[in-house]
Amino acid sequence: MSEQESWRELRDRRMAEPGAAEAYEATRIAYELGKTVRAMREGRGWSQNDLAGEAGMT
């Protein structure tokens, strides 16, 4: 068995656990949101501090 097959088996077992698919989807959405916010922030030439100030946050 190759290392790649071992990882696939582990992934398949973990994804079969109750709630795993939902947790994975929530994490994927959060990642995509963060990626979009970063791209928009960088597109405006803003630092993280600039964005926080515009949002009224620290």
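In this report, the structure presented in the accompanying data block is examined. In this convention, every chain numbers its residues from 1, walking through the sequence in written order. Local features are withheld for residues below a pLDDT of 70 in this predicted model, meaning they are given only at 70 or higher, and side-chain atom pairs are given and counted only at 80 or more; totals for whole chains, interfaces and linings count all residues. With hydrogens and water set aside, each side-chain value is computed from the structure's full complement of heavy atoms.

All right, on to the overall build of the protein chain then. Strands here mean DSSP runs of E at least two residues long; helices mean DSSP runs of H or I at least four residues long; both are numbered from the N terminus. Within the protein chain, the regular secondary structure consists of 3 helices and 0 strands. Walking the protein chain from its N terminus toward its C terminus, one meets helices and strands in the order α-α-α. Radius of gyration: C-alpha atoms only; globule rule: 2.2 Å multiplied by the number of residues to the exponent 0.38. Whereas a compact globule of 58 residues would reach a radius of gyration of roughly 10 Å, the protein chain reaches 18 Å, over 25% beyond that. Charge assignment in this entry is limited to Lys and Arg as positive and Asp and Glu as negative, and neither His nor the chain termini are counted. To locate a charge, take atom NZ for lysine, CZ for arginine, CG for aspartate or CD for glutamate. Distance from the positive charge centre (9 side chains) to the negative charge centre (11 side chains) of the protein chain: 3 Å.

Another aspect to go through is the packing of aromatic side chains. We call Phe, Tyr and Trp rings a pair once their centres come within 6.5 Å, taking the six-membered ring for Trp, and we label the pair stacked below 30 degrees between planes, edge-to-face above 60, and tilted otherwise. Under the definition given, this model contains 0 aromatic pairs. Comment: the charge-over-ring label is applied if NZ (Lys) or CZ (Arg) is within 6 Å of the ring centre and within 35 degrees of the ring normal. Over the ring of Trp46 we find Arg44, and its NZ or CZ is 5.7 Å from the ring centre.

N or O atoms closer than or at 3.5 Å make up a polar contact, with two conditions inside protein: a donor-capable atom paired with an acceptor-capable one, and, for residues adjacent in sequence, both atoms drawn from side chains. Between a side-chain oxygen at the N-terminus of helix H3 (residues 48-55) and the backbone nitrogen of Asn49 the separation is 3.3 Å; the capping residue is Ser47. Of the residues one or two after H3, Gly56 is the one with positive phi, at around 70°.

Turning next to the environment of Asp12. As for its placement among the helices and strands, Asp12 is situated in helix H1 (residues 3-15). Asp12 sits in the partly exposed class, given a relative accessible area of 44%. Spatially, the C-alpha atom of Asp12 lies 26 Å from that of Gly34, the residues being 22 residues apart in sequence. Summary of the burial criterion: residues with accessible area below 20% of their type's maximum are buried, those above 50% are exposed, and those between are partly exposed, where the area comes from a 1.4 Å probe applied to protein chains only.

The next point concerns the side chain of Arg41. If you trace the backbone, Arg41 turns up in helix H2 (residues 20-43). For this analysis, residues touch if any pair of their heavy atoms sits within 4.5 Å. What Arg41 contacts, discounting residues up to four positions off in sequence, is Trp46, Ser47, Gln48 and Leu51.

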